[in-house]
Amino acid sequence: MKVPISWLKEYVEFDASPDELAKRFTFSGIEVEGIENGAPSYDGVVVGEVLSIEKHPGADRLLICRVNDGAGEQKVVCGAHNFAVGDKAPFARVGAVLPNGLKISERKVRGELSCGMLCAEDELQISEDHSGIMLLDRSLAVGTPFSKAVKTEEIVLELEVTWNRPDCLCIIGIARELAALFGTKLKFPSVEFPEKGEQIEKLAKVTVEDSVGCPRYTARVISGVKTGASPVWMQKRLMLSGVRPISNIVDITNYVMLECGQPLHAFDYSLLANHEIVVRRAKLGETMATLDGIERNITPEMLLIADAARPIALAGVMGGAGSEIQDNTGTVLLESAAFDPRSIRQTSSKLGFTTESSYRFERSVDIRGVDWASRRAASLIVQYCGGTAAAGSIDVFPKKLQERNIACRFQRVNDLLGVSVPAGRVVSIFESLQIPVVKLDDSSCTIAAPSFRPDLMIEADLIEEVARINGLDQIPAVPPPASVIPDADDSRTRAIIALRTSLVGLGLSETMNYSFVSERLLNIFSPQDVGRRVALPNPVSADYAIMRDSLIPQMVEWLGRNLFHQIAEVSFFEIGKVFLKGPDGKIREEDRLSIGLLGKVGRSSLDSRRGLKRDEMFLWAKGIVEALHRAQHLNGVESAPCRASYFEEGGCVSISVGGQQCGIMGLVAEPIRKEWRMTEPVAVVELALDPLLSRFAAAPALKPAPVYPSIARDVAIIVAKEITHEDILHVIRRSAPGELTETKLFDIFTGDAIGVGRKSLAYSLVYCDLNRTLTDEDANRYHNAIKDALKNELKAEIREN
Amino acid sequence: MKPEEIVKLREQALNEGRAAATLADLEAVRIKYLGRKGALPDIMKGLKDLAPEERSRAGQEANNFKQQIGELLDARKLELGSTAGTVSKVTFDYTLPGNWRGLGSKHPISMVTEEAIRIFAKLGFTVAEGPDVETRYHNFDALNTPDHHPSIDQKDTFWLETGELLRTQTSPVQIRAMESRKPPVRIITPGRCYRRDATNATHSANFHQIEGLYVDAKVSLADLKGTLAYFAKEMMGPKVGVRLRPHFFPFTEPSVECDFSCHVCGGSGCRVCKNSGWIEIAGAGMVDPRVFMKVGYDPETTTGFAFGMGVERIAMVKYGIGDIRLLYENDIRFLRQFV
C-alpha cells in the first residue's frame, strides 16, 4: 500500500525522517518495502525568463511572450497577466507532459504559434491556484529543471500490511500506529455537513435479503450535484496513492476509502429502478456487465447489489455498468456497507480478479466505521460537488455487535515474552493504540476490542501488541537449556545421513528433482503404469502435472542432459519420495533411493578410451549396491533376473533382502537411451529406502581375526556357459568345511582353447582354523572335497596345471 | 676362536667391505661373514669351547663384529645404491593424476539440512517426519488458519482428487507430533513442501523447509530468540547476529520474522544483503493457544515456540547461489563443487 507521508501528517504529528519512519514501521509489524519520491518528474519543465510581453493581435485577453528557457528563445501565447518582463516562471517545453496528463506541443492559438507553456501552480499540481502563472525566485538560473528549482519532493512509503491487520489498509489506520509509536494524538477530519434535503426514507428504499453476507448497509442520497474534476489536492493524493483520478464523485469515494479503509460506491440515483436497493444472492442464469464493460458470469452464491429490476453491482467487488456516475449525474446514492469476508473472497476468486474494494472487504472492514465513512464522503460531496444531502440515512444493521472483552495478565506478558514489561507500560500501549482498557487491577487489565481490530481475539493477541510496540529488540536472546527428551529417536535420520555419506564416499553426486513430472517423461518409461499415477488437478504446467511413481525417469533424463553438456562420465544418486495410487484410490508415499551411472565411471582415466561393455557397467552398479548394503549392516542381499519395460532384456535384476524384494537394477533399454542420444550402456538402480535402513542401528556381529596362519589353494574349473558364478559359490559353500574363510574369483576366460559353450573360472580359496595351525594335509582334504563336489554337481572339469 | 682372532677377522671383513665396488660385491661380503654359513655363526658356535674368562671377551668381540660390519654394510649399500642407481631407485612421474576413485558430492539442500539437524541436535531437537500428501486439517485447520485465508485457495495450494493436498509447509508434522505425545516436545521437521508458485529465480513450486517446535511448561520469546541466535552463528558464522520483526502467521501469536546479519559484509551492506546488512531467514513465533487446544494441550500450562525457514534460501545465501533453479537442474559441474 502506498502511503504519502504528507497525507499522514494531517492526522498525526511526528518528527522523523522517512528512513527513520520506515524503521519504526518495520519493527512494529508493518514492513516497508520501498521509500519513493511520488512527485511527478516534471521532465521538460524548466525555469524560464520572460524576455518580452506583447498583446496578441487576434485576442484581447491573450499575450504573446518571448521566453528564454536556457536552450534558446521560445514564443508562447499566454492567458495570464500576473507577470512582467524579467520574471521567472516554470516553462514547459514542447514535448513535456504535465502531471495532469497534458502533453505540450506546438500549436496555433488564434493564429499565433505557441511553442511551450508558462505554467500555473494547479497545472503542476503544486496547489489549486490558477489565478496566474507561478512566479519563481528571480535568482534561479534559466534552464534549471523545475524539480530542482522548487522542492517538489513527495515521499511515499510502500507498506506491506499483513493479512490480520485490515485496519492498517488506510491512512488513518497507519496514523493510529504512528500515534502509538510516537506517543502523540490522532486527529480525525470533520464529517459534519448540512442535511437540508428531503427525508431519506421518502427517496430510497433498502432491503437486505442476506444479512449474513451483508451485516450492515447504509445509503445516503445527495441531490443537485455537479460532476467534474475533483480538487487538485485530492487528485494529487489519489495519484500518490496509485489511484487514477476520474471525476469528483468517484474520486471522493476512492479518497475516503484510502483515508479510512471503507470502500464506498456511488450510484446514479436516477438510474436505479424504483430507487430501490436490494442486497441478495444472484439468481440462476443472471448476468451483468461490470464497470469495466466486461460481461460477467455470476453464480448463485455471489452476493449482489440490485435495484428493483436487475443487478447493479457485484457486492464489494465492482460496480455495474449502467448504474454508475455519469457526466450529467444530478443525484447520487452513496453506499457504505460491510460484507462477509468469505463471500467477497469467494466471488473475487471465482471471477479471478481483485479490486481495491474486494481486497479490503475480504480482510474485513470496521463495521462501526461504516456510517462515519458515509458521512465523511457525503460531507466532501456537499463541499466539492455542490448538492444537497437528504436528511438522515438508511442504515440496515440488524444484528448489534457483541462487545469483545479480553483480559490480559501482566505476569503472562512477562512469561511469554521472557522480558519484564511494567504493568503501566502495558496499559499505556493499549491506550495509545485506541484499545480501551475497561478494567484494571494489580495483576491484570481487561480491554474492549475495538471494531476495527478483528485480529484481537485472545490474550496472546494482546501480548503481541505489547511485544511489537515495546520493541522486539527489548527481548533478550536466551539459549534454552538442552534438557533431554527421553524417548526421542532420530535413528532413521542418522541412517539416511550415513547412507548419503556412503554414497558420496563411493563417488556419487546427489541430485534433487521435483516430485511432479510431465506425463510424457513417465510414458517414455512405463506407459502401462498410468493407473497407479497421481495426477495434479491444478498443476502449474504440463511439465509438472503428475506425481512421480518412480525416481528412474528423472534420473535417466538428467544423465542424458548432462551428456548434452558434453559430460562423458556421471554417477548420480537421489533420495526422494514416490507417490502411488492404490486400487482403492488412496495415495501411498514411499521413500526411495535411485542411482544412475553414465560413462566409464568405474575406470581409471588412463583407461577411459576402451569401449564400455554391458557387464562392466552392470557390475559397477552392483558393486555400489553391495557396498551400500554392507554399510547398512545388511547381509543376505540377493538378486534375481526380472523384466521391466525400461531395462534391457537380460540386463535387469530384482534385489531382495531377507527374502523381501526391495528394488530393481539394470541397464537402460536402448530405445529409452536414444531419447537422450546415449549410445553406451547406462545403469540405473532404484531401491526402497526403509528395507535398506532397517538394520542401521544394529551392531555388527563380530568374528575374531584368526591368529593361526591360513592356507590358500586355487582351483580353476571349466564349466558350461550357463553355469553362473553364484551356482559355483553355492556348490563350494555347501561342500566346504567351516575352515573355508574366503572364496575369491580371480579369473574368467573363454576361448578356443576351452571349447565352444564353455568357460573357465579360477577361484582362490582360503582355509583357516581359529584354534590351530592347519596342516597341508588338512587343506588338501578340504580342497579335494570341494573339487569333487564341483565335478559331480556342475560337471566341472578341474584344470590341473 | 679367541678374541684376538675375532678382532683380526673383523678388520679383514671391514677392509673387504670398504673395497666392495658394486652392490653384488657387497652382498658377497655379507654372505661371507654374516650369512647363514658365514664366519659369524662359526664364531658363535665356537664360544662354548672357550675358557669362561675368554668366553665373555670373545662374546663381546663377536657382538662388535656383527655390529660394526652391519653398520658398514648398511652405509656402503646406501652409497652404492645412490651412485649406481641400478637397484633401488625408481623413476616415475609423480605429477600424474592420483588414481583412486574420487569423492562424490552432497546436494546443497542436503548439506544445509544435515547441518541444521546437527546444530539443533546440540540444543536437544530431534527430527520428526510426516507425509507430503496431507489432510486439510493438519495443513491448515489445526494450524488456526481462517477458512477464508488466501493460502487455502486453489490458486496457491495443490489440491488432490482425494481431497487431500500437497503440504504447503512442514507445520502439519508439528501437529502430528503433538497429537501423538504429551509435552515436552522438541522437534525439527525438515522436509519437502509445495506451493503453486510460478518458477523464477527465487521461487520454486517444490521446495524444502526446516521447522522447529519447542513446547514445555514455560517457553518464552526470549528462548526463541536465543535458539535462533545460536543457530545463526553455527550455520552462518560466529559473527552473525539476529533481529526480530513483528509479523503475522495464523499459528503463532506473537509472530515474528527473523533476519540474520549479513555473513558476507558483517552488516555494512553489500550485494548479498541488498545493502541492508540483514538477510530475512525465518518466520517464527509463540505457538497460538488455539493450536494447543486443537491438539489437546492445555494452553494455560503449556507454552512453546515454532519457527520455519526455507532450505533453498539458506543454501542460496550461504553458498552464493543466485538462482533457485540451479538447485534442481542437476548439472554435475554445479553439483560436484559441494564436497
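Small disclaimer: the values here were computed from a predicted structure and weren't measured. (Residues numbered from 1 in each chain as written. Chains lettered and ligands numbered in written order. Predicted model: local features only at pLDDT ≥ 70, side-chain atom pairs only at ≥ 80, totals over all residues.)

### Considering the overall build of chain B
Helix and strand content of chain B: 11 helices and 9 strands. For 339 residues, the compact-globule estimate of 2.2 N^0.38 gives 20 Å, and the C-alpha radius of gyration of chain B, at 38 Å, exceeds that figure by more than 25%. In terms of principal-axis extent, the alpha carbons of chain B reach across some 110 × 45 × 45 Å. For chain B, buried positions account for 45% of its 339 residues. (Helix = DSSP H or I, 4+ residues; strand = E, 2+ residues; numbered from the N terminus. Rg over C-alpha atoms; globule rule 2.2 N^0.38 Å. Buried ≥ 20, exposed ≤ 12 C-beta atoms within 10 Å, placed from the backbone.)

### So, the overall build of chain A
Along its length, chain A carries 21 helices and 39 strands. Taken over the C-alpha trace, chain A has a radius of gyration of 42 Å; the compact-globule value for 801 residues is 28 Å, which it surpasses by more than 25%. Overall size of chain A, expressed as C-alpha extent along the three principal axes, is 135 × 75 × 60 Å. Residues classed as buried in chain A amount to 40% of the 801 residues present. Considering only contacts within chain A whose residues lie at least 6 apart along the sequence, 70% involve residues at least 24 apart. (Contact = placed C-beta atoms within 7 Å.)

### What about the packing of helix α1 (residues 3–19) of chain B against helix α2 (residues 23–34) of chain B?
Residue and element names in this part refer to chain B. As a packed pair, α1 and α2 sit with axes 8 Å apart at the nearest point and diverge in direction by 165 degrees. In terms of their interaxial angle, α1 and α2 are classed as roughly antiparallel. Crossing handedness for the pair α1 and α2: left-handed. Side by side, α1 and α2 meet where Ala13, Glu16 and Gly17 of the first sit next to Leu26, Val29 and Tyr33 of the second. Partitioned by chemical class, the residues of the contact of α1 with α2 number 4 nonpolar, 1 polar and 1 charged. (Axes fitted to C-alpha atoms, helices over the stretch in contact; angles between N-to-C directions. Parallel < 35°, antiparallel > 145°, perpendicular 65-115°, else oblique. Left-handed = near helix turned anticlockwise from the far one by under 90°. Nonpolar A, V, L, I, M, F, W, Y, C, P; charged D, E, K, R; others polar.)

### Details of the domain arrangement of chain B
A common way to express how large an interface is: the accessible area buried when the components associate. Each assigned domain of chain B is listed with its residue range as follows: domain 1 (3–84) and domain 2 (108–335). A separation of 80 Å is found between the C-alpha centroids of domain 1 of chain B and domain 2 of chain B. (Domains from an automatic or database assignment.)

### Re the environment of Glu49 of chain A
For Glu49 of chain A, the location among the structural elements is in strand β3 (residues 45–56). For Glu49 of chain A, a count of 22 C-beta atoms within 10 Å gives the class buried.

### Thoughts on the interface of chain A and chain B
With 73 residues of chain A at the contact, the number on the chain B side is 71 residues. Elements with a contribution of two residues or more to the side of chain A that touches chain B: α8 (341–351), α11 (410–417), α13 (459–470), α14 (491–505), β26 (509–510), α16 (552–564), β30 (570–581) and β31 (587–598) of chain A. In terms of residue class, the side of chain A that touches chain B is made up of 38 nonpolar, 22 polar and 13 charged.

### Quick word on the pairing of strand β14 (residues 276–281) of chain A
Residues and elements named next belong to chain A. Pairing between strand β11 (residues 205–208) and β14: 4 bridges, direction parallel. Residue Lys205 lies in a different strand from β14, and its bridge partner there is Glu276. For β14 and strand β17 (residues 303–306), the ladder comprises 4 bridges, and the chain directions are antiparallel. In the sheet register, Val279 faces β17, and the bridge partner there is Ile305. (Pairing = 2+ DSSP bridges.)

### So, the domain arrangement of chain A
All names here are of chain A. Looking at the assigned domains, one finds that chain A contains domain 1 (2–39 + 154–182), domain 2 (45–149), domain 3 (200–396), domain 4 (405–474), domain 5 (491–693) and domain 6 (711–799). Domain 2 and domain 3 are separated by 41 Å when their C-alpha centres are compared. Between domain 2 and domain 3, the contact holds 4 residues from the first and 4 residues from the second.

### Here's the deal with unusual backbone geometry
Peptide bonds are mostly trans, and most non-glycine residues show a negative phi. Of note, the amide linkage connecting Pro183 of chain B to Pro184 of chain B takes the cis form, showing an omega dihedral of 5 degrees. Assignment of secondary structure puts Pro184 of chain B in the loop between α7 (171–180) and β4 (185–194). Residue Pro254 of chain B follows Glu253 of chain B across a cis peptide bond; omega there is -5 degrees. Of note, Gln125 of chain A is a non-glycine position whose phi angle comes to about 55 degrees, a positive value. Relative to the helices and strands, Gln125 of chain A resides in the loop between β9 (117–118) and α3 (146–149). Judged by local crowding, Gln125 of chain A falls into the buried class, with 21 C-beta atoms found within 10 Å. Positive phi, normally seen in glycine, also occurs at Asn330 of chain B, with a value near 55 degrees. You can see Asn330 of chain B is positioned in the loop between α10 (311–319) and α11 (332–335).

### Side note on the sheet that holds strand β10 (residues 155–160) of chain A
One key point about sheets: their strands pair by backbone hydrogen bonds, in either a parallel or an antiparallel sense. All names here are of chain A. What the 3 strands build is an open sheet, ordered β1-β10-β2; its pairing is antiparallel. Two strands lie at the open edges of the sheet, namely β1 (2–4) and β2 (31–37), each paired on one side alone. Mean inter-strand twist for the sheet, computed between neighbouring axes without regard to direction, equals 30 degrees.

### Observations concerning helix α7 (residues 248–260) of chain A
Residue and element names in this part refer to chain A. A rise of 1.5 Å per residue sets the reference length of α7, with its 13 residues, at 18 Å; its end C-alpha atoms lie 18 Å apart and thus fit the reference within 8%. Taking burial as the measure, the 13 residues of α7 include 13 buried ones, the bulk of the element. Trailing α7 by a residue or two, Gly261 shows a phi angle of about 90 degrees, which is positive. (Expected span 1.5 Å × (residues − 1).)

### What to know about the pairing of strand β32 (residues 637–641) of chain A
All names here are of chain A. With 5 bridges joining them, β32 and strand β33 (residues 647–657) adopt antiparallel strand pairing. Each bridged residue has a counterpart across the sheet, and for Glu638 the counterpart in β33 is Ser656. Counted along the chain from β32 to the antiparallel partner β33, the turn is 5 residues long.

### A closer look at helix α5 (residues 108–122) of chain B
Residues and elements named next belong to chain B. For α5, with 15 residues, the first-to-last C-alpha span of 21 Å sits near the 21 Å given by 1.5 Å per residue. Among all positions in α5, only Pro108, Ile109, Ser110, Met111, Val112, Thr113, Ala116, Ile117 and Phe120 are buried. Downstream of α5 by a residue or two, Gly124 has a phi angle that is positive, lying close to 90 degrees.

### What to know about the environment of Gly319 of chain A
All names here are of chain A. Tracing the chain through its elements places Gly319 in strand β19 (residues 318–319). Taking the number of C-beta atoms within 10 Å as the measure of exposure, Gly319 has 23 and is therefore buried. In the structure, Gly319 is positioned 121 residues away from Leu440 in sequence and 47 Å away in space, judged by C-alpha atoms.

### Overview of the nonpolar core
Membership of the largest hydrophobic core comes to 172 residues, with the highest contact counts inside it found for Ala315, Val332 and Ile381 of chain A together with Leu228 of chain B. When residues no more than four places from it in sequence are discounted, the contact partners of Leu228 of chain B are Val242, Cys258, Ala282, Ala284 and Phe307 of chain B. The next biggest cluster of nonpolar side chains, apart from the first, holds 70 residues, and it includes Met555, Leu634 and Cys652 of chain A together with Leu335 of chain B. (Core = buried A, V, L, I, M, F, W, Y, C linked by C-beta atoms within 7 Å.)

### A short note on the sheet that holds strand β6 (residues 88–92) of chain A
Residue and element names in this part refer to chain A. Taken together, the 5 strands give an open sheet; going across it, the order is β5-β4-β3-β6-β9, and neighbouring strands pair in antiparallel fashion. If you trace the sheet from one side to the other, it starts and ends with β5 (73–78) and β9, each paired once. Across 6 bridges, the pairing between strand β4 (residues 59–68) and β5 is antiparallel. Among the inter-strand pairings, Leu63 is bridged to a residue of β5, identified as Cys78.

### What about the packing of helix α12 (residues 423–432) of chain A against α13 of chain A?
Residue and element names in this part refer to chain A. Interhelical geometry of α12 versus α13 gives an angle of 95 degrees and a closest axis separation of 10 Å. Compared by their axis directions, α12 and α13 come out roughly perpendicular. For the pair formed by α12 and α13, the contact residues are Arg425, Val426, Ile429 and Phe430 on the first element and Glu465, Val466, Ile469 and Asn470 on the second. Considering only residue class, the contact of α12 with α13 consists of 5 nonpolar, 1 polar and 2 charged.

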